[in-house]
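In case you want the letters, here they are:
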Amino acid sequence: MVSVVVPIFNEAEGLNVFHNQIVEILKNLENYTYELIYCDDGSTDNTFETISTWHKNNTKIKYLQLSRNFGKENALSAGIAASRGDAVIMLDGDGQHPVNLIPNFIRSWEDGAKVVVGIRVGNEGEGLFKQIGSKLFYSIFNSLTKQKLIPGSTDYRLIDKVVRNEFLKLTESDRITRGLIDWLGFKRAYIHFHASARVNGTASYGKNKLFKLAANSFVSLTPTPLYLFGYLGVIITGISFILGITVFIEQILLNDPWNWNFTGSAMLGILILFLVGIILSSQGILSLYISHIQSQTRGRPLYIIDHDSSLGIEAKDSDS
Ligand code: UDP
Ligand code: MG
């Protein structure tokens, strides 16, 4: 069986089209039955009524209704936790993730990939702001971290149930699903697709929300921004120290042979710069402690096992 998880928030308008398309695809899968799990993230329109009607007519259509809007990432996690399939496919319910690629995802999985990632190439109907923003995000992020994100990689993904079980062990909040899945590793494959414009309505990820998501990714996946201030502090301390020594020797010890004419307040300026540098560097040291605490509290497992020869089979999976 394959599970399909769709987080959904106020999509009543376009959901019908999406639903008919996806059921058509899932019905015709050759070797698998399916379950389609809608995770209603506290919708305020009649999204939920629509979904529960579908469920009444077809028990393969399942739903979760969250008590309020928890955001897409959390809704997705809820859906993944509820899934029972041998593979779990996650995609958006706004029509931007083409459902006709589902068989391709499954084929890559059958060929041995444990994680299949949808890569978006181009995005019709997306503003310049979002495009530049995402370029900027990836280049900054990748230059700061060891964990590389592939530009255009989306949440349109398939994960094997082994990956799903490992994913569910991660308990951290403020999660970025794709960041966590990337962190888990496992053999992966990529599927490229053109994102179509939303069927209806506007993306509920507005500019503010996207900015928040980007900030969140930085904070939850890398402590590097903290270190940068520390480096800055070290540089400032170094420069002002050298400057201070030079001025001290030239003005006070040698009595200004080169006529620099440093005033008292200029020297005070150098002294203040030096102290600011020290404060910044000590913040950098503080950040080392914070990132240590951060990695402890996230409580991520120390490693993830894919194969284990002593079990003679692929990594144990706790379901079967
Ligand atoms: N979504 C959700 N909770 C939210 C916002 C969005 O479950 O708080 C769902 C939404 O219904 C859609 C998917 O997440 O199925 C992606 O949302 P959206 O299209 O707004 O985001 P974007 O395409 O900009 O990533
Ligand atoms: Mg969308």
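## So, the pattern of salt bridges
Moving on, step 1. Scanning the entire structure with this criterion turns up nine salt bridges.
Moving on, step 2. Among the salt bridges present, the one from glutamate 24 reaches lysine 27, with a minimum N-O distance of 3.4 Å. Separated by three residues within a single helix, glutamate 24 and lysine 27 lie in helix α1 (residues 12–27), roughly one turn from each other.
Moving on, step 3. You can call lysine 27 exposed: its relative accessible area is 51%.
Moving on, step 4. Residue glutamate 35 is joined to lysine 62 by a salt bridge in which the shortest nitrogen-to-oxygen separation is 2.6 Å. Taken as a pair, glutamate 35 in strand β2 (residues 34–40) and lysine 62 in strand β3 (residues 61–65) lie far apart in primary sequence, 27 residues in all.
Moving on, step 5. On the basis of relative accessible area, lysine 62 is assigned to the partly exposed category, the value being 32%.

## Here we look at the packing of aromatic side chains
Moving on, step 1. The full count for this structure, using the stated rule, is six aromatic pairs.
Moving on, step 2. Centroid distance phenylalanine 241 to phenylalanine 274: 6.0 Å. Interplanar angle 35°. Geometry classified as tilted. Placement of the pair is phenylalanine 241 in helix α9 (residues 224–253) and phenylalanine 274 in helix α10 (residues 264–298), with a sequence separation of 33 residues.
Moving on, step 3. Among the residues examined, phenylalanine 241 registers a relative accessible area of 45% and is labelled partly exposed.

## A look at the pairing of strand β6 (residues 153–160)
Moving on, step 1. Among the eight residues in β6, eight count as buried, and that is most of the element.
Moving on, step 2. Alignment of strand β4 (residues 87–90) against β6, held across four bridges, turns out to be antiparallel. Paired with alanine 87 across the strands is aspartate 160, a residue of β6.

## Thoughts on helix α2 (residues 47–57)
Moving on, step 1. The set of residues buried in α2 consists of Thr47, Phe48, Ile51, Ser52 and Trp54. Along the axis of α2, the buried positions cluster into a sector of 155°, meaning they face one direction only. Seen from the buried face of α2, the exposed residues on the opposite side, beyond 90 degrees, are Lys56 and Asn57.
Moving on, step 2. Buried-residue contacts for α2 involve β1 (2–8), α1, β2 and β3.

## What to know about unusual backbone geometry
Moving on, step 1. If you check the backbone angles, phenylalanine 186 has positive phi at about 75° while not being a glycine.
Moving on, step 2. The exposure class assigned to phenylalanine 186 is buried, which follows from its relative accessible area of 13%.
Moving on, step 3. Non-glycine residue aspartate 256 carries a positive phi angle of around 55°.
Moving on, step 4. By secondary structure assignment, the location of aspartate 256 is in the loop between α9 and α10.
Moving on, step 5. Overall, the relative accessible area of 15% leaves aspartate 256 in the buried class.

## As for the pairing of β2
Moving on, step 1. Counting buried residues in β2 gives seven out of seven residues, a clear majority hidden from the surface.
Moving on, step 2. On β2, burial covers both faces: Tyr34, Leu36, Tyr38 and Asp40 on one face and Glu35, Ile37 and Cys39 on the other are all buried.
Moving on, step 3. Tracing the backbone out of β1, into α1 and back to the parallel element β2 gives a crossover that is right-handed.
Moving on, step 4. Two strands pair when backbone bridges link them, and β2 and β3 are joined in this way by five bridges, in the parallel orientation.

## Examining the nonpolar core
Here is a general trend for soluble globular proteins: nonpolar side chains tend to be buried in one another's company.
Moving on, step 1. Core analysis: the biggest nonpolar cluster contains 33 residues, and Ile22, Leu36, Tyr38 and Ile106 have the highest contact counts within it.
Moving on, step 2. At the level of secondary structure, the elements contributing two or more residues to this core comprise β1, α1, β2, α2, β4, α4 (102–110), β6 and β7 (188–195).
Moving on, step 3. With five residues, α1 is the single largest residue contributor to this core.
Moving on, step 4. In this structure leucine 36 touches Val4, Val6, His19, Ile22, Val23, Leu26, Lys60, Ile61 and Lys62, once residues within four positions along its chain are discounted.
Moving on, step 5. Formed by 18 residues, the second largest nonpolar core is a distinct cluster that contains Val5, Val115, Leu170 and Ile181.

## Quick word on the coordination of the magnesium ion (ligand 2)
Moving on, step 1. Those donors, Asp94 (OD) and Gln96 (OE1), are the protein atoms that reach the magnesium ion (ligand 2), and they lie 1.9 Å from it. Each member of the pair, aspartate 94 as well as glutamine 96, carries the same accessibility label: buried.

## Quick word on the environment of histidine 194
Moving on, step 1. Along the chain, the position of histidine 194 falls in strand β7.
Moving on, step 2. Spatially, the C-alpha atom of histidine 194 lies 5.7 Å from that of arginine 120, the residues being 74 residues apart in sequence.
Moving on, step 3. At 3.1 Å, the side chain of histidine 194 forms a polar contact with the backbone oxygen of valine 121.

## Some words on the packing of α9 against α10
Moving on, step 1. Here α9 crosses α10 at 155°, and the two axes come no closer than 7 Å. On the basis of their axis angle, the class for α9 and α10 is roughly antiparallel. The two elements α9 and α10 cross, and the hand of that crossing is left-handed.
Moving on, step 2. In terms of residue class, the contact of α9 with α10 is built from 17 nonpolar, 11 polar and no charged.

## As for α9
Moving on, step 1. Taking 1.5 Å per residue as the helical rise, α9 with its 30 residues ought to reach 44 Å, and the 42 Å between its terminal C-alpha atoms agrees with that figure.
Moving on, step 2. Along α9, the residues classified as buried are Thr224, Gly230, Gly233, Thr237, Ser240, Val247, Glu250 and Gln251.
Moving on, step 3. Lining the buried residues of α9 we find α5 (128–144) and α10.
Moving on, step 4. One or two steps after α9, the chain reaches asparagine 255, where phi turns positive at roughly 60°.

How each quantity is defined
Residues numbered from 1 in each chain as written. Chains lettered and ligands numbered in written order. Predicted model: local features only at pLDDT ≥ 70, side-chain atom pairs only at ≥ 80, totals over all residues. Heavy atoms only, no water. Salt bridge = Lys/Arg side-chain N within 4 Å of Asp/Glu carboxyl O. Helix = DSSP H or I, 4+ residues; strand = E, 2+ residues; numbered from the N terminus. Buried < 20%, exposed > 50% of the residue type's maximum accessible area, 1.4 Å probe, protein only. Phe/Tyr/Trp six-rings, centres within 6.5 Å; stacked < 30°, edge-to-face > 60°. Pairing = 2+ DSSP bridges. Arc of directions from axis to C-beta. Contact = heavy atoms within 4.5 Å. Right-handed = clockwise from strand over helix to strand, strands pointing away. Core = buried A, V, L, I, M, F, W, Y, C linked by side-chain atoms within 4.5 Å. Donors = N, O, S within 2.8 Å, 3.2 Å for Na, K, Ca; no water. Polar contact = N/O pair within 3.5 Å; in protein donor to acceptor, adjacent residues only side chain to side chain. Axes fitted to C-alpha atoms, helices over the stretch in contact; angles between N-to-C directions. Parallel < 35°, antiparallel > 145°, perpendicular 65-115°, else oblique. Left-handed = near helix turned anticlockwise from the far one by under 90°. Nonpolar A, V, L, I, M, F, W, Y, C, P; charged D, E, K, R; others polar. Expected span 1.5 Å × (residues − 1).

Without other data, these values stay purely geometric and don't point to any function.
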